[in-house]
2 protein chains.
Amino acid sequence: MAAPADAEAVGSAFITYYYQLFEANRPALATLYQDASMLTFEGQKFMGTQAIMGKLSLLQFGACKIHLSSKDFQPSVSGGILVFVTGNIQLENEAALLKFSQVFHLMPFSNSFVVTNDMFRLNYA
Amino acid sequence: MAAPADAEAVGSAFITYYYQLFEANRPALATLYQDASMLTFEGQKFMGTQAIMGKLSLLQFGACKIHLSSKDFQPSVSGGILVFVTGNIQLENEAALLKFSQVFHLMPFSNSFVVTNDMFRLNYA
């Protein structure tokens, strides 16, 4: 059995990469999902890279900046990593910030990690 | 291999039970954790039932009411269930609501489920 991944180091690197792509090159997020990956976005459920990318490409927020307020990481019993972030989304040309929180479960795959679970919620005031 | 648990049904029952105890009988939450359970509470890390219960017993909020705004559930690859909630904490004798979000990873254990991972964040305005 492989040594448990360093949740903090892997998780930090993951979210830096993920939100860079989310802000500036959203179609490239496809490489992080697989056919069994699940996304629940504001309660709507999607499964598989194609369905997930379909949703992510249709989000109201196009170009945006993500500002993270908190980042938490824990190893999971399955050898994966749980990632939990809270933060704000700043839309292009708008002053208002959308507060959100998001959870990822990452699993090792082919010398890297894939997102097996993704849950996203806007935190309305 | 056992059939995957019904994430929605198990997760819903879990959070109803969990927050009832959190509101009114916090010491009884001890039965939901194990020695390998992890809690990250506002960035502070605790491992094992004893350390986790030590933290939960010392929270600033004593008697309180939890109002959930959203509840999301997904099965995890390990046969567990991921639970993600957002909501408000109403402190006794105070009008202000504290917004929070929380993540649990539940794993089957002895015909029930235990919390292997727990991450909690207040969402400051």
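- You'll find chain A entered in an unreviewed UniProt entry as NTF2 domain-containing protein, with Dunaliella salina given as the organism.

**Let's talk about the nonpolar core**
Within soluble globular proteins, side chains that are nonpolar tend to cluster in buried spots.
All names here are of chain A.
Alright, step 1. Counting residues in each nonpolar core, the largest one holds 33 residues, and the members touching the most others are Tyr18, Tyr19, Phe22, Leu29, Tyr33, Leu56 and Ile89.
Alright, step 2. Elements supplying a minimum of two residues to this core: helix 1 (7–24), strand 1 (33–41), helix 2 (49–57), strand 3 (64–75), strand 4 (81–91), strand 5 (97–109) and strand 6 (112–122).
Alright, step 3. Among the elements that take part in this core, helix 1 stands out by supplying seven residues, more than any other.
Alright, step 4. Ignoring sequence-local partners within four residues, the contact set of leucine 29 consists of Tyr18, Leu21, Phe22, Met53 and Leu56.

**Focus: the UniProt feature "domain: NTF2" (unreviewed entry) in chain A**
Alright, step 1. UniProt records the feature "domain: NTF2" (unreviewed entry) for residues 10–122 of chain A in the present numbering.
Alright, step 2. This span, residues 10–122 of chain A, is 21% helix and 53% strand, and a straight line between its end C-alpha atoms measures 25 Å.

**Some points on helix 2 of chain A**
All names here are of chain A.
Alright, step 1. Every buried residue of helix 2 is listed here: Thr49, Ile52, Met53, Lys55 and Leu56. For helix 2, the arc enclosing every buried residue in end-on projection is 160°, short of the 170-degree limit, so these residues lie on one face. Away from the buried face of helix 2 by more than 90 degrees, exposed residues Gln50 and Ser57 are located.
Alright, step 2. Elements that come into contact with the buried residues of helix 2 comprise helix 1, strand 1 and strand 2 (44–47).

**A closer look at the interface of chain B and chain A**
Alright, step 1. Across the contact, 34 residues belong to chain B and 34 residues belong to chain A.
Alright, step 2. With both sides pooled, the region where chain B packs onto chain A buries about 2500 Å², and carbon together with sulfur makes up 62% of that total.
Alright, step 3. If you sort the residues of chain B by the area they bury against chain A, Gln74(B), Phe84(B) and Met119(B) come out on top, with a joint share of 25%.
Alright, step 4. Where chain B packs against chain A, one counts four salt bridges.
Alright, step 5. For Lys45(A), the salt bridge identified is with Glu8(B), shortest N-O distance 2.9 Å.
Alright, step 6. Connecting chain B to chain A are 12 residue pairs in polar contact (both at pLDDT 80 or more).
Alright, step 7. If you list the elements that add at least two residues to the side of chain B that touches chain A, you get strand 1 (33–41), strand 3 (64–75), strand 4 (81–91), strand 5 (97–109) and strand 6 (112–122) of chain B.

**Side note on the packing of aromatic side chains**
Alright, step 1. A complete count under the given rule lists 21 aromatic pairs over all chains for this structure.
Alright, step 2. Summarising the aromatic geometry, the rings of Phe84(A) and Phe84(B) are spaced 6.2 Å apart at their centres and angled 80° between planes, so their arrangement reads as edge-to-face. Linking Phe84(A) in strand 4 with Phe84(B) in strand 4, this pair reaches from one chain into another.
Alright, step 3. Since its relative accessible area comes to 0%, Phe84(A) is described here as buried.

**Focus on the relation of the copies chain B and chain A**
Alright, step 1. Least-squares fitting of chain B to chain A yields an RMSD of 0.0 Å, with the superposition described by an axial translation of 0.0 Å and a rotation of 180°. Here the two chains are linked by the operation of a two-fold rotation axis. Closest approach to the rotation axis within chain B is made by the C-alpha atom of Ser78(B), at a distance of 2.7 Å.
Alright, step 2. Both copies present the same face, since 100% of the interface residues in chain B are matched by interface residues at the equivalent positions in chain A.

**What to know about the sheet that holds strand 6 of chain B**
Residue and element names in this part refer to chain B.
Alright, step 1. Within the open sheet, the six strands sit side by side as 2-1-6-5-4-3. Their pairing is mixed. Strands at the two margins of the open sheet, each flanked by one partner only, are strand 2 (44–47) and strand 3. Here the strands of the sheet are splayed against their neighbours by 20° on average, with no regard to which way each runs.
Alright, step 2. The pairing of strand 1 with strand 6 spans five bridges and is classified as parallel. In the strand pairing of strand 6, tyrosine 33 is matched with valine 115.
Alright, step 3. Where helix 1 (residues 7–24) meets the sheet, it contacts strand 1, strand 3, strand 4, strand 5 and strand 6, and its direction lies at approximately 160° from that of strand 3.

**Notes on the sheet that holds strand 4 of chain A**
Residues and elements named next belong to chain A.
Alright, step 1. The strand order across the open sheet built from six strands is 2-1-6-5-4-3, with neighbouring strands paired in mixed fashion. Each of the sheet's edge strands pairs with one partner strand only, and the pair in question is strand 2 and strand 3. Here the strands of the sheet are splayed against their neighbours by 20° on average, with no regard to which way each runs.

**Brief notes about unusual backbone geometry**
Residue and element names in this part refer to chain B.
Alright, step 1. For serine 110, which is not glycine, the phi dihedral falls at a positive 50°.
Alright, step 2. In this structure, serine 110 sits in the loop between strand 5 and strand 6.
Alright, step 3. With phi around 65°, asparagine 111 is a residue other than glycine that occupies positive phi space.
Alright, step 4. Assignment of secondary structure puts asparagine 111 in the loop between strand 5 and strand 6.
Alright, step 5. By relative accessible area, asparagine 111 is classed as exposed at 87%.

Cut-off values and rules
Residues numbered from 1 in each chain as written. Chains lettered and ligands numbered in written order. Predicted model: local features only at pLDDT ≥ 70, side-chain atom pairs only at ≥ 80, totals over all residues. Heavy atoms only, no water. Core = buried A, V, L, I, M, F, W, Y, C linked by side-chain atoms within 4.5 Å. Buried < 20%, exposed > 50% of the residue type's maximum accessible area, 1.4 Å probe, protein only. Helix = DSSP H or I, 4+ residues; strand = E, 2+ residues; numbered from the N terminus. Contact = heavy atoms within 4.5 Å. UniProt positions renumbered as here; feature names shortened; annotations may be inferred. Arc of directions from axis to C-beta. Buried area = accessible area lost by both parts, 1.4 Å probe. Salt bridge = Lys/Arg side-chain N within 4 Å of Asp/Glu carboxyl O. Polar contact = N/O pair within 3.5 Å; in protein donor to acceptor, adjacent residues only side chain to side chain. Phe/Tyr/Trp six-rings, centres within 6.5 Å; stacked < 30°, edge-to-face > 60°. Least-squares fit on C-alpha atoms with pLDDT ≥ 70 in both. Pairing = 2+ DSSP bridges. Axes fitted to C-alpha atoms, helices over the stretch in contact; angles between N-to-C directions.

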